[in-house]
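A structural walkthrough
One-letter residues, chain by chain:
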Amino acid sequence: MDSHSSTLEIRRREMMRLVGGGLVAGGMASLAGCSSDSGGSSSSPFRIPNTQDYNTIQGNLAAGSDYDPWIIPSLIYESYLNYNIETDEIIYNLIDEPSVDGSTLTFSIKDGRKWHNGDPVTAEDVVTQFKIAMLAGGDPQLTQNNPESLFEKINQTDKHTVEVKLSGEFNKQLAIMQIFYAGATGTASLWTPTSVYGKFVTDWDNAATDSERKSVTSELLDFTVEYQDVVGNGLWQIEKTSGTEFTFSLFEDHPDSDNVNFDKIVMPRMNENDLVPAARSNNVTGFQHNNPTASAVESPPSGWKALEVTGDDSGGPALICNHQHDIYGKREVKQAFAHIVNGQGVVETLGEHIATPVPSTYTFAESLMDRYMGEPIKGNLNVYDSSEEATSLLKSAGFSQNGNTWHRPDGKPFSPTISVFDSPPFTPVAKTIAGQLSNFGIKTDVQVVEPGNFFAQFPEGSYDLVVEWWDAGGANPYFGMDRNFVGFTGGSMQYPDEVSVPPVGNMDGKEETVNIQDMLDSILTASTEPEMIQNVRKLAWVTNVTLPEIPTVMTGAVYFYNTDGWNWPKRDASVFGYDDIPAWLMEQGELSQAN
């Protein structure tokens, strides 16, 4: 492949499967005030547990399954950038800050970046990643939140520079975040050396028929790379693997290797229930726990601290109605459910240490309200907190109540089923919501589905109600709205392309039809921040009226870390707002071994 002319012409819908929302995070980042000895000296290893099955995971992230989506990639691959959700600051990591000139975005790989085999990281590797994602139908390091793409084509202009032709002129900050951050699983990073994956790209480019292209895709999805053979580019390289433990060594040719004063990471395989006991016995050094008990958080092991790390701005479990269903898609039914579902009850189920209620307008996370709530929507939105209003809404839609039991307009019992995949916190939240609806007189069952089957069936719309994820947007409500209206695999939400709503700011006005994609695009193309904020508010109005999702709580994970023998920042340090703890801390020289 010609490294100076490898250009990919991409239809907008196809490209979104490739990069559509860019990069996101799983953990934490750059901590302040830690000592930093240069070196990679002989020392005790940092021990990070991993709950993945080491006997099944492998290194081809395009395979779509059997890979570690976050912990291992955060160590062995370099992230494009990292964003601080508390300070709104960006640190560009693998790349320099992109420039935008009209509809052309250009960015360059930083000098000195190498793959672990000694090859330089090049622009061709980046183009390879985008093309691999294209032919695989997605990339766990590049999210897929939107059926439309920002791009028309991508090419490399020299060994280190990539040029992206955007499909229009966009808000620069949103465009950069859309490409490089606003995503799903783990901080997005470069993982596709052309020396390993370029053969699939070449075969794809040379394929003349759909059958040949499908054959290339099948070969890629079946391609297996044992982790022992993975070629990374991050601060840490894989030294040895087994079914019970991975060992990583410091990559001395990484530009930030002098920031680290220890030279090994050991990653034992553990079950989630074993994490806190392992901390008590000092068999681990730090770990993120997505479902800890309140007692573990309030009273961590001796020498340990516990800190909520991914709470107020990410999202949480939500009730989602089948918008295409003749009953559950009715606006009155969705609004009635919104009045009945009680976030505080969900908090009591999950615990105050990892959950907080969502503001009852169901528009923005609490932390985003000051910036985004305002005229013309402030004070004019529906507030969902009244069982009396739920009763009125159902009766206005033809439902009837016999004693404490509700019936549909056709006289049949009103008895939906909530489908949910078998995973905390979603399963207990579904059961709590079912209890709340049942107590109101809407007998509701819960169907727990194996995750693989759930996500295969969910986009088909074969359900009454589901409990799935509500995305608060993190850096900007736009990124959450994009996901909440459209879904995680383009159209999986069953939400209509167009809806009728009252004019913004006037619930009693004559309804008008709006196009959701046009409204999303209006945010992305806003030329000024005030215009962007106003367009966000307009879509928040549609959210409040039509309820693409009914959020319950914002959930957070808890990071446990051992201060005995290790230098960490203060608990209230703003640097905890970055992603990918502990990998990012190590790279920035903010986490060190005490001497």
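Further up the page is the structure itself.
Reference entry: report on the structure contained in this document. The shown structure was predicted, so the numbers you read here are calculated from the model rather than taken from an experiment.

1. Section: the overall build of the protein chain
- The number of helices and strands found in the protein chain is 18 helices and 29 strands.
- Burial analysis of the protein chain (595 residues in total) assigns 58% to the buried set.
- Put simply, 75% of the contacts in the protein chain that link residues at least 6 apart link residues at least 24 apart.
- Surface summary for the protein chain: the accessible area is close to 22600 Å², and the carbon and sulfur share equals 42%.

2. Considerations on the packing of helix α5 (residues 194–206) against helix α6 (residues 210–222)
- At a minimum axis separation of 8 Å, α5 and α6 run at an interaxial angle of 170°. Taken together, the axis directions place α5 and α6 in an arrangement best described as roughly antiparallel. The residues of α6 that touch α5, namely those facing Y197, F200, D203, W204 and N206, are E212, R213, V216, T217, E219 and L220.
- Of the residues assigned to the contact of α5 with α6, the class counts are five nonpolar, two polar and four charged.

3. Regarding the sheet that holds strand β2 (residues 46–47)
- Pairing within the open sheet is mixed, and its four strands lie in the order β2-β13-β12-β11. Each edge of the open sheet carries a strand with a single partner, namely β2 and β11 (236–241).
- Pairing of strand β12 (residues 245–250) with strand β13 (residues 264–268) involves five bridges; the strand directions are antiparallel. Directly across from F246, in β13, lies its bridge partner M267.

4. Looking at the nonpolar core
- Formed by 127 residues in total, the largest nonpolar core has its most connected members in F337, F364, F414 and V542.
- Take this core: its biggest share by element is eight residues, from helix α17 (residues 529–546).
- Beyond its immediate stretch of four places on either side in the chain, F414 contacts I327, Y328, V333, F337, L394, F399, W406, H407, R408, I442 and K443.
- By size, the runner-up hydrophobic cluster in this structure holds 54 residues, among which are F46, I57, Y561 and M586.

5. Description of the pairing of strand β16 (residues 315–321)
- Here β16 lies mainly inside the structure; seven of its seven residues are buried.
- Pairing of β16 with strand β25 (residues 550–551) involves two bridges; the strand directions are antiparallel. Residue pairing in the sheet places L319 in a bridge with I550 of β25.

6. Section: the packing of aromatic side chains
- Scanning the model with the defined rule gives 30 aromatic pairs in all.
- For the ring pair F262 and W566, a centre distance of 5.1 Å and an interplane angle of 90° mean the geometry is edge-to-face. Within this pair, whereas F262 is found in the loop between β12 and β13, its partner W566 is found in strand β28 (residues 566–567), the two being separated by 304 residues in sequence. By the burial criterion, F262 is buried, and W566 matches it.
- Aromatic side chains Y362 and Y384 sit 5.6 Å apart centroid to centroid with 10° between the ring planes, which places their arrangement in the stacked category. Highlighted residues: Y362 in the loop between β17 (355–357) and α11 (369–372) and Y384 in the loop between α11 and α12 (387–396), separated in sequence by 22 residues. The same class applies to Y362 and to Y384, which are both buried.
- Here the aromatic cluster, defined as three or more aromatic residues joined through ring pairs, consists of F46, W236, F262, Y559, Y561, W566 and W568.

7. Quick word on the sheet that holds β25
- The sheet built from five strands is open, its strands ordered β21-β20-β22-β16-β25 with mixed pairing. Both outer strands of the open sheet, β21 (445–449) and β25, are each paired with one neighbouring strand and no more.
- The sheet contact formed by β16 and strand β22 (residues 465–471) spans seven bridges and is antiparallel. In the strand pairing of β22, L319 is matched with V467.
- Packed on one face of the sheet, helix α13 (residues 426–440) meets β16, β20 (417–421), β21 and β22 and runs near 170° to β20.

8. Some details on the packing of helix α15 (residues 477–486) against α17
- At a minimum axis separation of 11 Å, α15 and α17 run at an interaxial angle of 40°. By the criterion of interaxial angle, the relationship of α15 to α17 is oblique. α17 is crossed by α15, and the crossing has left-handed handedness. Along the contact surface, α15 presents P477, M481 and F485, while α17 presents V536, L539, A540, V542, T543 and T546.
- For the contact of α15 with α17, the class distribution of residues is seven nonpolar, two polar and no charged.

9. Here we look at the pattern of salt bridges
- Considering all chains together, one arrives at 11 salt bridges under this definition.
- Between E511 and R331 there is a salt bridge, with its nearest N and O atoms 2.7 Å apart. Remark: R331 occurs in helix α9 (residues 331–340) and E511 occurs in the loop between β23 (498–501) and β24 (512–515); sequence separation between them is 180 residues.
- One salt bridge connects D445 with K443, and the closest N-O pair in it is separated by 3.2 Å.

10. Side note on α13
- Here α13 contains 15 residues, and its C-alpha end-to-end distance of 21 Å stays within 8% of the 21 Å for a straight helix at 1.5 Å per residue.
- Among all positions in α13, only F426, T427, V429, A430, T432, I433, A434, Q436, L437 and F440 are buried.
- Following α13 by one or two positions, G441 adopts a phi angle in the positive range, close to 110°.

11. Looking at the environment of N273
- By secondary structure assignment, the location of N273 is in the loop between β13 and α7 (275–280).
- On the basis of relative accessibility, which here comes to 69%, the residue N273 falls in the exposed class.
- Distance from N273 to P292, taken between C-alpha atoms, is 8.6 Å for residues 19 residues apart in sequence.

Conventions used here
- Residues numbered from 1 in each chain as written.
- Predicted model: local features only at pLDDT ≥ 70, side-chain atom pairs only at ≥ 80, totals over all residues.
- Heavy atoms only, no water.
- Helix = DSSP H or I, 4+ residues; strand = E, 2+ residues; numbered from the N terminus.
- Buried < 20%, exposed > 50% of the residue type's maximum accessible area, 1.4 Å probe, protein only.
- Contact = heavy atoms within 4.5 Å.
- Areas by Shrake-Rupley, 256 points an atom, 1.4 Å probe, with all protein chains shown as cover.
- Axes fitted to C-alpha atoms, helices over the stretch in contact; angles between N-to-C directions.
- Parallel < 35°, antiparallel > 145°, perpendicular 65-115°, else oblique.
- Nonpolar A, V, L, I, M, F, W, Y, C, P; charged D, E, K, R; others polar.
- Pairing = 2+ DSSP bridges.
- Core = buried A, V, L, I, M, F, W, Y, C linked by side-chain atoms within 4.5 Å.
- Phe/Tyr/Trp six-rings, centres within 6.5 Å; stacked < 30°, edge-to-face > 60°.
- Left-handed = near helix turned anticlockwise from the far one by under 90°.
- Salt bridge = Lys/Arg side-chain N within 4 Å of Asp/Glu carboxyl O.
- Expected span 1.5 Å × (residues − 1).

It is worth stressing that arrangement in space is one thing and function is another; only the former is reported here.
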